[in-house]
Every structure is written in C-alpha cells, then in structure tokens.
Amino acid sequence: QSDAQKWLFAMVGSGLVADEVTYTELIDAAAKAGDGARATLWLDRMRTAALEPNATTYTTLIDAHGHLGDVSAAEAWLCTMTTAGIAPTAATFVAMMGAAAVAHDAEAL
C-alpha cells in the first residue's frame, strides 16, 4: 500500500468523495514510483467509480509510461485518449516527447 493510497483511505474515511482530481493524483503517484501497472489500476478504479478520465488523466498516464521508456504504451494511451474524444493538450505532446527521449536514451546504452 502506497502513501498516496493511505491518504485516499483517510480522505474517504473522513467522509469526502474521491473525484477525477483525486484519481489523477493517485495515477501520478504510481507513475512517480515507476509503477505503470498501478497507474493503470487507478484508472480502472476511477472508471469503476463512474468517473471519466480527462486530458490531464491521460497525459499523466502517458507521462508515467514515458518515464519507464515504454513509448508503445504511451502511444497506446494517446490513441485511447483521442478515441475517447479527448483532445491532446500541449502537455500531452510534451509527455510524448519525453517518452521518446527516455526511450532514445535507453537505446543508446
């Protein structure tokens, strides 16, 4: 259990309801921990809670996989985003650039 998840439980325990921002922050925490699978799990839980991901949510997922050097997963999330009718933002494209840079650095090793 991550620290972010502990804070989610504390938040819910105090009577507050998790929203899109909450889940996006949990996705971001997983990303910063280098755990792309957990980031995806939080997206699934977000949808289970009947909340829809927004551009920031998808960009966070793209960034998460990008930091892991998984450009194909980042590209897949970009495709999922656009298929859902959500327009990429400048930050989304910056995240894709970062993913490409990380992958290029890994290939250079």
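None of the values given here were measured: they were computed from a predicted structure. (Residues numbered from 1 in each chain as written. Predicted model: local features only at pLDDT ≥ 70, side-chain atom pairs only at ≥ 80, totals over all residues. Heavy atoms only, no water.)

Engineer: Provide a residue-level description of the packing of aromatic side chains, including the pertinent values.
Structural biologist: All told, the structure shown has two aromatic pairs when counted by the stated rule. Considering the side-chain rings of Tyr23 and Trp42, the 6.3 Å spacing of their centres and the 55° angle between planes classify their relative orientation as tilted. Of the two residues, Tyr23 sits in helix 2 (residues 20-32) while Trp42 sits in helix 3 (residues 36-48), which places them 19 residues apart along the sequence. Residue Tyr23 shares its accessibility class with Trp42, and that shared class is buried. On the numbers, 6.3 Å between centres and 45° between planes, the contact of Tyr58 with Trp77 is tilted. One end of the pair, Tyr58, is in helix 4 (residues 55-67); the other, Trp77, is in helix 5 (residues 71-83), and 19 residues separate them in sequence. For the pair Tyr58 and Trp77, a shared accessibility class is recorded, and that class is buried. (Phe/Tyr/Trp six-rings, centres within 6.5 Å; stacked < 30°, edge-to-face > 60°. Helix = DSSP H or I, 4+ residues; strand = E, 2+ residues; numbered from the N terminus. Buried < 20%, exposed > 50% of the residue type's maximum accessible area, 1.4 Å probe, protein only.)

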